[in-house]
Amino acid sequence: MIDPRPQLDGISMYSPGKPIEEVKREKGLTKIYKMASNENPFGCSPLAEEAIKNEMKEMTRYPETTSPALAAKLAQRLGLKADQLIFGNGSDEIIRLLTRSYINHGDEVVMARVTFPRYQTNVLIEGGVPVQVDMNNGSHDLDGMLGALTDKTKMVFVCNPNNPTGTIVERQALLNFIEQVPSHILLVIDEAYFEYADSDEYLDTRPLLPHYNNIVILRTFSKIYGLAALRIGYGMMHREIVHQLQKVKDPFNVNRLASAAAAASLDDEAFLEETIAKNREGRNFLLRNFEEMDLYYFQTQTNFIMVDVNRPAKEVYESLLEEGIIVRPGHLMGYPEMIRVTIGQQEENAAFIQKLQAILNRPASNLQNH
């Protein structure tokens, strides 16, 4: 066989939450609740659906390479210039564009030990060195990350709110951190779950862009806007960074349907507010039940929760799977006795709690054999 690049040694294929169709086939079940991938259980805006139908008339045409109509609309909403924005096939692609554009062999990239895994993967692919800093109770240790900076550091990732733990770093702590990261180091702040955060301690970093040329902010239409299947995310940054990323970007990376749906979604503030309210209601329901069950959880500012089930996560995950409920087991993310559950519709939340209580009431050795 032909040898692949040595950078691929030790890199595993990304392991997403199990698809509903796969669980139906494997378990012979007809009713499945997928609570694993932090998708929006309340759908997407009807305006987005209508925009997709209209745009299908142009299916034979390539999209414009920089999504200019969407860029103009979003820039106006954000108080930016259109040339400060770049769109990707999900914000995942922008992470890849950043490492492809800026990471040389041996460059170090600082990140939390338990965070979105695509940071590490893309750094490794480019021959960079991921420098992982231990967490503080599920949150970024910003002081530890500052201490990890060296003359080889080229980039820093901060996921805020953090995936998979759901936690945030406090406002002043993040401001202090941003001020102390040297200007020659690219600071990437991933805000994929920005819209869900309602804590007074959460910092919206967008207003900082004019003051820090080294900041890149990532957001997405996959989560709260419910467009995960269309794969569209965006980055905000200095126009010179955009210029460099465009050199390595595929020319037609964002399709017409995605651009149209994203632009239409921006006009439906009512859908956004309704999703936020329903998510908050579901979050409170789950947290109340976890407290009644005496289960520890990370303080979340997202549409998912990591909870300690006091059992091997893999066993609880598999037991829930037998009941038709898909979650994410924490042993894949550095927390061997925690699971991550996406906040769902009330029917899903109630079913999850009912099944989890029953599973945890069984003797530990009987979980998988039930």
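Worth saying up front: this structure is predicted, and the values here are computed from it rather than measured. (Residues numbered from 1 in each chain as written. Predicted model: local features only at pLDDT ≥ 70, side-chain atom pairs only at ≥ 80, totals over all residues. Heavy atoms only, no water.)

## Here's the deal with the sheet that holds strand S7 (residues 215-220)
Part 1: The seven strands are arranged S2-S8-S7-S6-S5-S3-S4 in an open sheet whose pairing can be described as mixed. Among the strands making up the open sheet, the edge pair consists of strand S2 (85-88) and strand S4 (129-133). Neighbour-to-neighbour, the strand axes of the sheet open up by a mean angle of 20 degrees, direction not taken into account.
Part 2: In terms of strand pairing, S2 meets strand S8 (residues 233-236) through four bridges, oriented antiparallel. Across the sheet, residue Phe-87 finds its bridge partner in S8, namely Tyr-234.
Part 3: On top of the sheet, helix H3 (residues 68-78) reaches S2, S7 and S8; it is set at about 125 degrees to S2, its chief contact.
Part 4: Lying on the sheet, helix H5 (residues 118-125) is in contact with strand S3 (108-112), S4, strand S5 (153-159) and strand S6 (186-190); it crosses S4 at an angle near 150 degrees. (Pairing = 2+ DSSP bridges. Helix = DSSP H or I, 4+ residues; strand = E, 2+ residues; numbered from the N terminus. Axes fitted to C-alpha atoms, helices over the stretch in contact; angles between N-to-C directions. Contact = heavy atoms within 4.5 Å.)

## Topic: helix H10 (residues 269-292)
An α-helical segment advances 3.6 residues per turn. Residues three or four places apart therefore align on the same side.
Part 1: A rise of 1.5 Å per residue sets the reference length of H10, with its 24 residues, at 34 Å; its end C-alpha atoms lie 35 Å apart and thus fit the reference within 8%.
Part 2: Residues of H10 that are buried: Phe-271, Leu-272, Thr-275, Asn-279, Gly-282, Arg-283, Phe-285, Leu-286, Leu-287, Asn-289 and Phe-290.
Part 3: In this structure, the buried side of H10 is in contact with strand S9 (304-308), strand S12 (338-342) and helix H12 (346-360).
Part 4: Of the residues flanking the end of H10, it is Asp-294, one or two places downstream, whose phi is positive at about 60 degrees. (Expected span 1.5 Å × (residues − 1). Buried < 20%, exposed > 50% of the residue type's maximum accessible area, 1.4 Å probe, protein only.)

## Describing the nonpolar core
Part 1: Residues Leu-85, Val-156, Phe-177, Leu-187, Phe-221 and Leu-227 are the most contacted members of the largest nonpolar core, which totals 53 residues.
Part 2: Leu-286, Tyr-297, Tyr-317 and Val-341 belong to the second largest nonpolar core, which has 31 residues in total. (Core = buried A, V, L, I, M, F, W, Y, C linked by side-chain atoms within 4.5 Å.)

## Re the side chain of Thr-153
Part 1: Note that Thr-153 resides in strand S5.
Part 2: For Thr-153, a relative accessible area of 3% corresponds to the buried category.
Part 3: Only 2.8 Å separates the side chain of Thr-153 from the backbone nitrogen of Thr-150, close enough to count as a polar contact.
Part 4: Each residue touching Thr-153, except ones within four places of it in the same chain, is listed here: Glu-108, Val-110, Ala-148 and Ile-185. (Polar contact = N/O pair within 3.5 Å; in protein donor to acceptor, adjacent residues only side chain to side chain.)

## Thoughts on the sheet that holds strand S11 (residues 328-329)
Part 1: Read from one edge to the other, the open sheet built from three strands follows the order S9-S12-S11, with strand pairing classed as antiparallel. In the strand order of this sheet, the two ends are held by S9 and S11, each with one partner.
Part 2: Of the pairings in the sheet, the one linking S11 to S12 comprises two bridges and is antiparallel in character. By the bridge assignment, Arg-328 is partnered in S12 with Arg-340.

## Observations concerning the pattern of salt bridges
Part 1: A complete count under the given rule lists 19 salt bridges for this structure.
Part 2: A salt bridge links Arg-113 to Asp-134; the shortest N-O distance between them is 2.5 Å. Taken together, the residues span a long stretch of sequence, with Arg-113 in the loop between S3 and H5 and Asp-134 in the loop between S4 and helix H6 (142-147) at a distance of 21 residues.
Part 3: Residue class for Arg-113 comes out partly exposed when judged on its relative accessible area of 42%.
Part 4: Under the relative-accessibility criterion, Asp-134 is labelled partly exposed at 48%. (Salt bridge = Lys/Arg side-chain N within 4 Å of Asp/Glu carboxyl O.)

## Regarding unusual backbone geometry
Part 1: Geometrically, the link from Asn-160 to Pro-161 is a cis peptide bond, its omega value of 0 degrees lying close to zero.
Part 2: Relative to the assigned elements, Pro-161 resides in the loop between S5 and helix H7 (171-180).
Part 3: Cis peptide bonds are those with omega within 30 degrees of zero, and the linkage from Asn-163 to Pro-164 qualifies with 25 degrees.
Part 4: Summarising the element assignment, Pro-164 is placed in the loop between S5 and H7.

## Description of the packing of aromatic side chains
Part 1: On inspection of all chains with the given rule, the structure shows 12 aromatic pairs.
Part 2: An angle of 45 degrees between the planes, with centres 6.3 Å apart, marks the rings of Phe-87 and Tyr-234 as tilted. Remark: Tyr-234 occurs in strand S8 and Phe-87 occurs in strand S2; sequence separation between them is 147 residues. With respect to burial, Phe-87 and Tyr-234 carry one shared label: buried.
Part 3: Ring geometry for Tyr-119 against Phe-157: centres 4.3 Å apart, planes inclined by 5 degrees, an arrangement best described as stacked. In this pair, Tyr-119 is assigned in helix H5 and Phe-157 in strand S5, connecting sequence segments 38 residues apart.
Part 4: The class of Phe-157 is buried, set by a relative accessible area of 1%.
Part 5: One Lys or Arg, Arg-340, reaches over the ring of Phe-304 and ends 5.3 Å from the middle of that ring. (Phe/Tyr/Trp six-rings, centres within 6.5 Å; stacked < 30°, edge-to-face > 60°. Lys NZ or Arg CZ within 6 Å of the ring centre and 35° of its normal.)

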